[in-house]
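# Topology and contacts: notes
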Amino acid sequence: QVQLQESGTGLLKPSQTLFLTCTVSGDSITRITSYWTWIRQSPGKGLEWMGAMDEDGNLFYNPSLKSRTAVSRDTAKNQFSLQFASVTPEDTTTYYCARDLGGGGVDYWGKGIRVTVSS
């Protein structure tokens, strides 16, 4: 079974950079046609797609968040990561990593990690 697990610092101050890591088991982040994805809850918007990396390392970002977002990976550890800069209290929400095969939709999710931004 494919499993994904988010980890990172969930308590931040305004202006800091969020850094989260997703550890994948039961699959490879270099699997053909796979997209390794970051999604968050967004009040008034539901789930908000942030960005993704495919099996070759190609990057895709939500244009509304692109200036603040960077996705990277460590293939040796079968992990991918999110950096999200200049956080504000409005970024307080739950963040998820997920797998999407062939662009057909997410089939596996991490359980999510709660991120709180406050001064």
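To start, this report covers the structure provided alongside it. (Residues numbered from 1 in each chain as written. Predicted model: local features only at pLDDT ≥ 70, side-chain atom pairs only at ≥ 80, totals over all residues. Heavy atoms only, no water.)

### Quick word on the overall build of the protein
Selection rule: Secondary structure elements are defined from DSSP: runs of H or I of at least 4 residues count as helices, runs of E of at least 2 residues count as strands, and each element is numbered from the N terminus. Atoms counted for the radius of gyration: C-alpha only. Globule rule: 2.2 Å times residue count to the power 0.38. Only protein chains enter the accessibility calculation, which uses a 1.4 Å probe. A residue is then buried if its area is under 20% of the maximum for its type, exposed if over 50%, and partly exposed in between.
Scanning the protein from N- to C-terminus turns up zero helices and 11 strands. Along the chain direction, N to C, the helices and strands of the protein fall in the order β-β-β-β-β-β-β-β-β-β-β. By the compact-globule yardstick of 14 Å for 119 residues, the protein fits well, its C-alpha radius of gyration being 13 Å. Summarising its shape, the C-alpha atoms of the protein cover approximately 40 × 25 × 20 Å along the three principal directions. Looking at the protein residue by residue over its 119 residues, the buried ones come to 44%.

### Details of the packing of aromatic side chains
Let me state the cut-off plainly: Pairing of aromatic rings covers Phe, Tyr and Trp, the last counted by its six-membered ring, and requires centre-to-centre distances within 6.5 Å; plane angles under 30 degrees mean stacked, over 60 mean edge-to-face, and any other angle means tilted.
All told, the structure shown has four aromatic pairs when counted by the stated rule. Ring geometry for Tyr-96 and Trp-109: centres 5.6 Å apart, planes at 85°, overall edge-to-face. On the criterion of sequence distance, the pair formed by Tyr-96 in strand β9 (residues 93-101) and Trp-109 in strand β10 (residues 106-109) is long-range, its members being 13 residues apart. Tyr-96 sits in the buried class, given a relative accessible area of 16%. Residue classification places Trp-109 among the partly exposed residues on the basis of a relative accessible area of 37%.

### Some remarks on unusual backbone geometry
At Thr-33, a position not held by glycine, the phi torsion is positive, near 70°. Relative to the helices and strands, Thr-33 is located in the loop between β3 (18-25) and β4 (34-42). A relative accessible area of 39% means that Thr-33 is categorised as partly exposed.

### Structural notes on the sheet that holds β3
Basically, it comes down to this: Only strands that DSSP links by at least two bridges are regarded as paired with each other. Orientation is described by lines fitted to C-alpha atoms, with helices fitted over the stretch in contact, and by angles between N-to-C directions that extend from 0 to 180 degrees.
Taking strand neighbours across the sheet as the criterion, the four strands line up as β1-β3-β8-β7 in an open arrangement whose pairing is antiparallel. Two strands close off the open sheet at either side, each with one partner strand: β1 (3-8) and β7 (69-74). Neighbouring strand axes in the sheet, compared pairwise and without regard to direction, differ in orientation by 20° on average. Examined bridge by bridge, β7 and strand β8 (residues 79-84) share six bridges and lie antiparallel to one another. Residue pairing for β8: Val-71 is matched across the bridge by Leu-82.

### Things to note about the pattern of salt bridges
Quick reminder of the rule: Salt bridge, as applied in this entry: a Lys or Arg side-chain nitrogen positioned within 4 Å of an Asp or Glu carboxyl oxygen.
For the structure on display, the rule yields six salt bridges. Note that Arg-40 is salt-bridged to Asp-91, the shortest N-O span being 3.0 Å. Remark: Asp-91 occurs in the loop between β8 and β9 and Arg-40 occurs in strand β4; sequence separation between them is 51 residues. Considered together, Arg-40 and Asp-91 belong to a single accessibility category, that of buried residues. Among the ionic pairs, Arg-68 bridges to Asp-91, the shortest N-O distance being 2.5 Å. Placement of the pair is Arg-68 in the loop between β6 (59-61) and β7 and Asp-91 in the loop between β8 and β9, with a sequence separation of 23 residues.

Coordinates in, geometry out; function isn't part of it.
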